[in-house]
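# Examination of the molecular architecture
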Amino acid sequence: MKAGRIIAIAFAVLLVAAVATYLWWLRPSIEAVLQGAGPVWLSNLAYGLYPRLEAEINRLPVDFFMAKADQVIFRAGLVAAISISFSLAWMHIGSFRDSVSSFWKPEVSYPNFDGLRVAFALAAIACCYDWYGYMTLYAKAAPFYEPISFLGLLNIPFPHGTFILAYCSALLLFIMLMALNIRPRFFAIYSAVLFVVLQAFLFSFEKLDHHYATVTYAFLIFPFLVSEAKLSAKRGQSSIPGWTLQLIRIAIVGAYFLSGMEKLLISGSQWFLSDTFCQYLSINGRPVGIWLSQQPLLCTLLPTGAVLFQVLFPMVLFFPRSRWFFLPAGVLFHFSVWLMMGIGAPLHTWVWVYFFFFDMSWLGKLLPDFMKIRVACT
Amino acid sequence: MPMAESAMPLFWKITVIIGFILMMLVPFVLLRDIYPFFRFGMFAEPIEAQVSTERFVILTGANKLPLPPEEIGLKPTLYEYVLRNHWYRQEGRQLLNEVSKIDQNRHEEYHLAKVTSNSVDATRDTIILISHRRP
C-alpha cells in the first residue's frame, strides 16, 4: 500500500512537471513551428503526427492550432489525473475494489454466446457486403491513394482486380464460417484482421469515416470472447466468463461518451447556443433541417439533449435497466441526425451492435445443433 | 459442472482490458485518429454565425461543366476531401494532371474551382483556382 501511494505521488509530480514544461518551453516552440520557425525535430514531429496540418495550416489561423495544442495537454492531464484517482481508490477503498471486480465477472450462457455470435456475424456482413463495389470504384482513383496507419508504414499498395474480389469474398466467407460455428476462433481472428485491413484501404483517400467504429471495436475484442467460449466448453464449465462482453460494451459506450466529451471540451457552452446548431442544419440543406434552423428554442434544446444523451450513455453499463431508455434514444438520435442533416443512415451502423447489451439466448436456442457450441461433459 | 473460469491468465486479461481502453483514449488525447482507433470529433467545432462555407469542384471543357466524382473513381463525400486537401497542400496542378489521366471522357480542359456560399446573405461565388489543358 505504501509503495502504491509513493508511485501515485510520483505520477502526480511528473504530471505537474510536464504541464509546467509545456507552458514555459514547449508551447512557444510549437507556436514558432506553426509560423515557419522553431526546432526542426519538433516541426518533423508535428507534421508527422498531424499530416493534415500541411493542408490546414494554409487555411486556418495559428491560434486555432494553439488551442488544439492546449487541448492535447489538458486532455493528457485529465486522463492521467483520472487514472491516478482510480488507482488510489482501488488501493484504499475496499467497496470500490469489489464493485470493479464484480463488474468484470458476469457470466455468459452458451445459448447467449451462440446468439451473440450469429447476430454479430449478421451485423458485420451488413457492414461490408458492399465493400467490393467501393473497392472496385476506388481502384480507379488509385493516384489519390494515401495509405493510412499500418498500410502506410508497410507501404502496401491499393489492391486491384482479382485481389479485391479475393479479399472481399474471403471476408464474407470467414464471417459466415464463424457464424456457422466452423473453427469459430480462427475465423473470428481472420475476419477481424481482414475487416480492419479492407476498411483501412477504404479510408486511405483523405477521409476516415466513423460509421463502422463500434463494429470495428467489437471485431477487435470478439476473438477473445470466442476463445473464452471454446475453452469453457472444452473444460465443461457451466458458463463463459463475460469480461470480453463487458469490454465490447465499454467500447460501444466509449464511442458515445467520447463524442459528447469532444463537444464539451472543444466548444464548451457554445455548442448549446442555437447559432451553432442552426448553422450545422442550414449547411446540410435538408428540408427538415432548414425548418428546424428557424426554430431557436428547438435549436437549443436538441443539441443540449444530444450532448446529455452522449455523456450519460455510460449509465447503461452500471444501471442495466437504463438501456430501455438509452438504446431506443440512440436509435432515435441517429435517425434524427440522418433526417435533419443527411448524415449516416436511418438505421445507423452504431445501432447494429446494440444487441451486445441484451441476452441473445432466444436466438441461440433457435439455431440448429451444428451451429451451437458443444460443451464437454464432466 | 464447474463454474466459469477464465482461460486467459489474469495478467494478460488485465493487459487486454487496460491496453484496449488506453488505445481508445489515445485518439481522444491526441485529437487524431490512430486507426483502427478513432477520434469522435465530428460536429465538435463551434460555427461562427456569419459563416461562409466553401466547396471544391472540378469543371471540365470550355463550358465548365462539373465533373461527376464517379468519373474519377470517388464517392461524392471523398471527392470533396481529395480536392480540398490537394488545393491547400498546394498540389492542385498534380491533382488536375491525375484527373485528366483517369477521366475516360478525355476533356480538353480541367479547372479546379472553389464555390463559396455565405449563409447570411445567401450569395454564392465560383472562383477558378487552377486550369489544366490536356497536352
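## A word on the overall build of chain B
- For chain B, the helix and strand inventory stands at three helices and four strands.
- Its helices and strands taken in sequence order, chain B reads α-β-β-α-α-β-β from the N to the C terminus.
- A burial count over chain B gives 44% of its 135 residues as buried.
- Across chain B, contacts joining residues at least 24 apart in sequence account for 54% of those joining residues at least 6 apart.
- Of the accessible surface of chain B, which amounts to about 7,100 Å², a share of 57% is contributed by carbon and sulfur atoms.

## Here we look at the nonpolar core
- Counting residues in hydrophobic clusters, the biggest one holds 124 residues, and the most contacted among them are Phe144 and Phe356 of chain A together with Ile58 of chain B.
- The greatest single-element share of this core, amounting to 13 residues, is contributed by helix H12 (residues 243-267) of chain A.
- Setting aside its immediate chain neighbours within four residues, phenylalanine 144 of chain A contacts Ser204 and Phe205 of chain A together with Ile72, Leu74, Val82, His86, Leu95, Glu98, Val99 and Ile102 of chain B.

## Some words on the state of the cysteines
All names here are of chain A.
- A full pass over the atoms with the stated rule returns zero disulfides over all chains.
- Of all cysteine sulfurs in the structure, the one in cysteine 127 sits closest to cysteine 128, which takes part in no disulfide; the separation is 6.8 Å.
- The thiol of cysteine 168 is not disulfide-bonded; the next cysteine sulfur, from cysteine 128, is found 8.2 Å away.

## Focus on the interface of chain A and chain B
- The partner chain B presents 60 residues to the 84 residues of chain A that form the contact.
- Across the interface of chain A and chain B, roughly 6,900 Å² is buried in total on both sides, 69% from carbon and sulfur atoms.
- Looking only at chain A, the three residues that lose the most surface to chain B are Phe144, Glu206 and Tyr217 of chain A, adding up to 11% of its buried area.
- Arginine 84 of chain B is paired through a salt bridge with glutamate 56 of chain A; the nearest N and O atoms lie 2.8 Å apart.
- Across the chain A-chain B interface, the total number found is 17 residue pairs in polar contact (both at pLDDT 80 or more).
- Broken down by element, the residue count for the side of chain A that touches chain B peaks at 14 residues, all from H12 of chain A.
- Considered class by class, the residues forming the side of chain A that touches chain B number 48 nonpolar, 19 polar and 17 charged.

## Notes on the pattern of salt bridges
- Applying the stated criterion to the full structure yields 15 salt bridges over all chains.
- Where arginine 59 of chain A meets glutamate 54 of chain B, a salt bridge forms, and the shortest distance between an N and an O atom there is 3.8 Å. Residue arginine 59 of chain A is found in the loop between helix H3 (53-56) and helix H4 (62-92), and its partner glutamate 54 of chain B is found in strand E1 (residues 52-60); the two belong to separate chains.
- Looking at glutamate 54 of chain B, the relative accessible area reads 23%, which means it is partly exposed.
- Linked through salt bridges whose partners overlap, the residues forming this network are Arg52, Glu56 and Arg59 of chain A together with Glu54, Arg84 and Lys114 of chain B.

Reading guide: rules and limits
- Residues numbered from 1 in each chain as written.
- Chains lettered and ligands numbered in written order.
- Predicted model: local features only at pLDDT ≥ 70, side-chain atom pairs only at ≥ 80, totals over all residues.
- Heavy atoms only, no water.
- Helix = DSSP H or I, 4+ residues; strand = E, 2+ residues; numbered from the N terminus.
- Buried < 20%, exposed > 50% of the residue type's maximum accessible area, 1.4 Å probe, protein only.
- Contact = heavy atoms within 4.5 Å.
- Areas by Shrake-Rupley, 256 points an atom, 1.4 Å probe, with all protein chains shown as cover.
- Core = buried A, V, L, I, M, F, W, Y, C linked by side-chain atoms within 4.5 Å.
- Disulfide = S-S within 2.5 Å.
- Buried area = accessible area lost by both parts, 1.4 Å probe.
- Salt bridge = Lys/Arg side-chain N within 4 Å of Asp/Glu carboxyl O.
- Polar contact = N/O pair within 3.5 Å; in protein donor to acceptor, adjacent residues only side chain to side chain.
- Nonpolar A, V, L, I, M, F, W, Y, C, P; charged D, E, K, R; others polar.

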